[in-house]
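# Chain and residue survey
The chain contents come next:
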Amino acid sequence: MTVRVVVGGALCREGRLLAARRSAPPELAGRWELPGGKAEAGESVPDALVRELREELGVEAEPLERIPGEWPLRPGLVLHVWTARLLSGEPAPLEDHDELRWLGPEELDSVDWLDQDRPAVAEAGRRLRIEREGRDRCDGRSERDGQHTRSHGGA
């Protein structure tokens, strides 16, 4: 049996991950996912992600890195997830979704994710926390308490 890849996009902006609530099909409606869709025959998975995010959300995005793992959706379909950076546009629920939310790492459990998306969402959240800690260290904040640890000229 040929296995077809469905690509999901862990689209991040300003330390937040984009979550999309399904409006169809009925058995998935109301649950949340990473936006994306099926790669077409002869299409690379990163190219499929770019196309799907354009079609579903009306944005241009750049695939960055594949999140390790592969999650079965149904016989013949597996999910691969890539991190992606928003290049242009403001995401809108154009196709198969009725709501979008930007969630910080501490908010990821506030929505009912599709089961297959949960491992990739957890990894994306871990990466966002690491990224946030790195920014905090660079701007003079302590990782421990989020407070400034030094001042510059009374600032």
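For the structure itself, consult the block above.
Computed from a predicted model, the values in this text were never measured in an experiment.

What follows is about the overall build of the protein chain. Across its full length, the protein chain carries two helices and seven strands. If you take every contact in the protein chain between residues at least 6 apart in sequence, the share linking residues at least 24 apart comes to 65%. Surface exposure of the protein chain reaches about 8600 Å², of which carbon and sulfur atoms provide 49%.

Turning our attention to unusual backbone geometry. The linkage connecting Ala 24 with the following residue, Pro 25, adopts the cis geometry, with an omega of -10°. The topology assignment puts Pro 25 in the loop between strand S2 (16–22) and strand S3 (32–33). Even without a glycine there, the phi angle at Glu 14 is positive, about 50°. With respect to the helices and strands, Glu 14 occurs in the loop between strand S1 (4–13) and S2. Its identity is not glycine, yet Asp 96 carries a phi of approximately 70°, on the positive side. Looking at the secondary structure, you find Asp 96 in the loop between strand S6 (77–88) and strand S7 (97–103). A residue is classified by how much of its surface remains accessible, and Asp 96, at 32% relative accessible area, is partly exposed.

Another point: helix H1 (residues 45–57). Relative to the 18 Å expected for 13 residues at 1.5 Å per residue, H1 spans 18 Å between its end C-alpha atoms, a close match to the ideal helical length. Taken residue by residue, H1 has Val 45, Ala 48, Leu 49, Val 50, Arg 51, Glu 52, Leu 53, Glu 56 and Leu 57 as its buried positions. In this structure, the buried side of H1 is in contact with S1, S2, strand S4 (36–38), strand S5 (60–74), S6 and S7. Measuring from the side-chain oxygen of the N-cap residue of H1 to the backbone nitrogen of Asp 47 gives 3.1 Å; that N-cap residue is Ser 44. Backbone geometry just downstream of H1 places Gly 58 in the positive-phi region, at approximately 75°.

Of note, Arg 54 is situated in helix H1. As a C-alpha pair, Arg 54 and Pro 91 span 37 residues in sequence and 9.0 Å in three-dimensional space. If we ignore the near neighbours within four places in the chain, the residues touching Arg 54 are Val 59, Glu 60 and Leu 94. Reaching out from Arg 54, the side chain makes a polar contact with the side chain of Glu 60 at a distance of 2.6 Å.

Empty space within the largest pocket amounts to approximately 530 Å³. Along the wall of the largest pocket there are 24 residues; nearest its centre are Val 6, Arg 22, Leu 28, Glu 33 and Leu 73. Of all the elements in the fold, those that place two or more residues in the lining of the largest pocket are S1, S4, H1, S5 and S6. Looking at side-chain class alone, the lining of the largest pocket contains ten nonpolar, four polar and ten charged residues. In this structure, the second largest pocket encloses a volume near 180 Å³. Residue lining of the second largest pocket: Cys 12, Arg 13, Glu 14, Gly 15, Leu 64, Thr 83, Ala 84, Ala 124, Arg 127, Leu 128 and Glu 131, and that is the complete set. The set of elements that each furnish at least two residues to the lining of the second largest pocket consists of S1, S6 and helix H2 (118–138). The biggest single contributor to the lining of the second largest pocket is H2, with four residues.

What counts and what doesn't
Residues numbered from 1 in each chain as written. Predicted model: local features only at pLDDT ≥ 70, side-chain atom pairs only at ≥ 80, totals over all residues. Heavy atoms only, no water. Helix = DSSP H or I, 4+ residues; strand = E, 2+ residues; numbered from the N terminus. Contact = heavy atoms within 4.5 Å. Areas by Shrake-Rupley, 256 points an atom, 1.4 Å probe, with all protein chains shown as cover. Buried < 20%, exposed > 50% of the residue type's maximum accessible area, 1.4 Å probe, protein only. Expected span 1.5 Å × (residues − 1). Polar contact = N/O pair within 3.5 Å; in protein donor to acceptor, adjacent residues only side chain to side chain. 1 Å grid on protein atoms, 1.4 Å probe; cavity = no way out; pocket = protein on both sides within 12 Å on 5 of 7 lines; lining within 4 Å. Points joined across faces, edges and corners; volume = space filled by probe spheres on them. Nonpolar A, V, L, I, M, F, W, Y, C, P; charged D, E, K, R; others polar.

Note that every value here comes from positions in space, so none of it alone points to a role or purpose.
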